[in-house]
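# Report on the structure
Next come the chains, spelled out residue by residue.
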Amino acid sequence: MWKVFNFMDFGFAVIKKELFYLRAAWRQGRGLDYLRTRRAARKIFSSPSNLQRPINQPNLSVHVLTSHRDLTMLVWALASFYKVTPIIGQLYIHSDGTLSFHDRDRLKIFFPGAEIVAPEQFEPKLTQQLEAYPVLKKYRFNFSDFVLLKKLIDPFFASTSEFRLIIDSDLLWFTAPTELETELRRDVPRSLMMLNNGECPVFFKSPDRYPARLGQYNSGVVFYRRGNFNLKKLSEYLDSIDERHPQNAHFIEQAGYAYCLENLAELPQSRYHIKGAVGPQTAVKHYTSPRRVQFFTEGVAV
């Protein structure tokens, strides 16, 4: 009975979100355009081909967390990434737990060199790795609402590469991310993150301990070297989180990155942005949930 109820609840959540996007499209005057481009975007599965390019940076790993619902977006996002990026590392596609075996097989056709990080295979190993970090282990495995901790914690332990690039499945890449290439040539002394449009806060048990500007960073693109990922500070951050506050499930990972990364710097908002039209200088646009419609109506070439 529990499994049946859980499945139905998950299905309702998906339908509710799709209706949210459709209403947003109609409010923008793009309802029919959204339906057309959303349908056309799925045609990419009709003629699957290898979209991946050979690795040219063996010390770099690229990580993306995704779900069954976002499979179409993910393929388009990674296709645009490989089209423009000059730096190519080992790709890790992390399942949030909803990717089916069929989904994984489809992804391997488009990205045959990718490592699919499936919970049933990865989590037993991660459990052992986190024995030395009890706070991380507690939050990673005991709080099912904090799914985005898979995006924060797992890439560090899944890869042995010196440098890690974390990207979202709702990004489209338009021109070469030269800032990332330049930083990589310097061995990534700084950690780089996008900026939000405003504050996307998380809530601490003691509000006076909340660092200024923590909620201004966006985790659509995160670039760091292994030595700049401070596990002690990450444990401190998670210990400070008010796990009862419902909004923390939405932004827990991006504030976590901003808290624990050493030498943190901002990617230029003129080139890595959320709001605003795509222009000739745009490297990446992050189509966050309020702008998800535009991923298809503005960004996908069909």
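My aim in this report is to walk through the structure given alongside it, one point at a time. Being a predicted model, the structure only gives us computed values, none of them experimental.

Okay, empty space enclosed by the protein next. In this structure the tally under the stated criterion is two cavities of 30 Å³ or more. Counted as a void, the second largest cavity has a volume near 50 Å³. If you trace the second largest cavity, you find it lined by Leu65, His94, Ser95, Val117, Ala118, Pro119, Phe122, Glu123, Arg140, Lys150 and Asp154. Residue assignment for the lining of the second largest cavity shows that the elements contributing at least two residues are strand E2 (90–95) and helix H5 (119–129). Examining the composition of the lining of the second largest cavity, we find that three residues originate from one element, H5, more than from any other.

What follows concerns the packing of helix H10 (residues 231–240) against helix H11 (residues 248–260). Two numbers describe how H10 lies on H11: the axes approach to 9 Å, and their chain directions differ by 135°. As the angle between them shows, H10 and H11 are arranged oblique. In this structure, H10 meets H11 at a crossing whose hand is right-handed. Seen from H10, the contacting residues are Lys233, Leu234, Glu236, Tyr237 and Leu238; seen from H11, they are Phe251, Ile252, Ala255, Gly256, Tyr259 and Cys260.

For strand E4 (residues 163–167), the buried fraction is high: five of the five residues fall into the buried class. Bridge analysis of strand E1 (residues 60–66) against E4 gives four bridges, and the strand direction is parallel. From the neighbouring strand, Leu60 faces E4, where its bridge partner is Phe163.

Along helix H6 (residues 134–142), the residues that are buried comprise Val135, Leu136, Tyr139 and Arg140. Buried residues of H6 fall within an arc of 120° about the axis and therefore sit on the same side. In H6, the exposed positions angled more than 90 degrees off the buried face are occupied by Pro134 and Asn142. Buried-residue contacts for H6 involve H5, helix H7 (149–152), helix H8 (154–158) and H10.

The subject of this paragraph is the sheet that holds strand E9 (residues 272–273). Overall, mixed pairing links the three strands, which are arranged E5-E10-E9 in an open sheet. For this open sheet the edge positions go to strand E5 (171–173) and E9, each flanked by a neighbour on one side alone. Pairing geometry for E5 and strand E10 (residues 284–286), over three bridges, is antiparallel. Note that in E10 the partner of Trp173 across the bridge is Val284.

Right, let's talk about the pairing of E1 for a bit. In terms of burial, E1 is largely enclosed, as seven of its seven residues are buried. Neither face of E1 is exposed, since Leu60, Val62, Val64 and Thr66 on one face and Ser61, His63 and Leu65 on the opposite face are all buried. Relative to E2, E1 is paired through six bridges, and the arrangement is parallel. In the strand pairing of E2, Val62 is matched with Leu91. As a crossover connection, the stretch from E1 through helix H3 (residues 71–84) into E2 is right-handed.

If you look at the biggest cluster of nonpolar residues, it comprises 50 residues, and the most contacted ones within it are Ile93, Phe111 and Leu180. For this core, the element with the most residues is H3, which contributes nine residues. Those residues in contact with Ile93 that sit more than four places away from it in its chain are Val64, Thr66, Leu74, Leu78, Leu107, Phe111, Ala114, Glu115, Ile116 and Val117. Among the nonpolar cores identified, the runner-up in size contains 38 residues, and Val117, Ile153, Tyr237 and Ala258 belong to it.

A few words on the packing of aromatic side chains. Inspection of the entire model under this criterion finds 19 aromatic pairs. For the pair Phe204 and Tyr237, a centre-to-centre distance of 6.0 Å together with 65° between the ring planes defines the contact as edge-to-face. Here Phe204, found in the loop between strand E6 (191–195) and strand E7 (217–225), pairs with Tyr237, found in helix H10; they are 33 residues apart in sequence, far enough to count as distant. Taken individually, Phe204 and Tyr237 each receive the classification buried, so the pair is uniform in this respect. Between Tyr237 and Tyr259, the aromatic rings sit 5.5 Å apart at their centres with planes inclined by 40°, giving tilted as the arrangement. Residue Tyr237 is located in helix H10, and its partner Tyr259 is located in helix H11; the two are separated by 22 residues in the primary sequence. For the pair shown, Tyr237 and Tyr259 are each scored as buried.

How each quantity is defined
- Residues numbered from 1 in each chain as written.
- Predicted model: local features only at pLDDT ≥ 70, side-chain atom pairs only at ≥ 80, totals over all residues.
- Heavy atoms only, no water.
- 1 Å grid on protein atoms, 1.4 Å probe; cavity = no way out; pocket = protein on both sides within 12 Å on 5 of 7 lines; lining within 4 Å.
- Points joined across faces, edges and corners; volume = space filled by probe spheres on them.
- Helix = DSSP H or I, 4+ residues; strand = E, 2+ residues; numbered from the N terminus.
- Axes fitted to C-alpha atoms, helices over the stretch in contact; angles between N-to-C directions.
- Parallel < 35°, antiparallel > 145°, perpendicular 65-115°, else oblique.
- Left-handed = near helix turned anticlockwise from the far one by under 90°.
- Contact = heavy atoms within 4.5 Å.
- Buried < 20%, exposed > 50% of the residue type's maximum accessible area, 1.4 Å probe, protein only.
- Pairing = 2+ DSSP bridges.
- Arc of directions from axis to C-beta.
- Right-handed = clockwise from strand over helix to strand, strands pointing away.
- Core = buried A, V, L, I, M, F, W, Y, C linked by side-chain atoms within 4.5 Å.
- Phe/Tyr/Trp six-rings, centres within 6.5 Å; stacked < 30°, edge-to-face > 60°.

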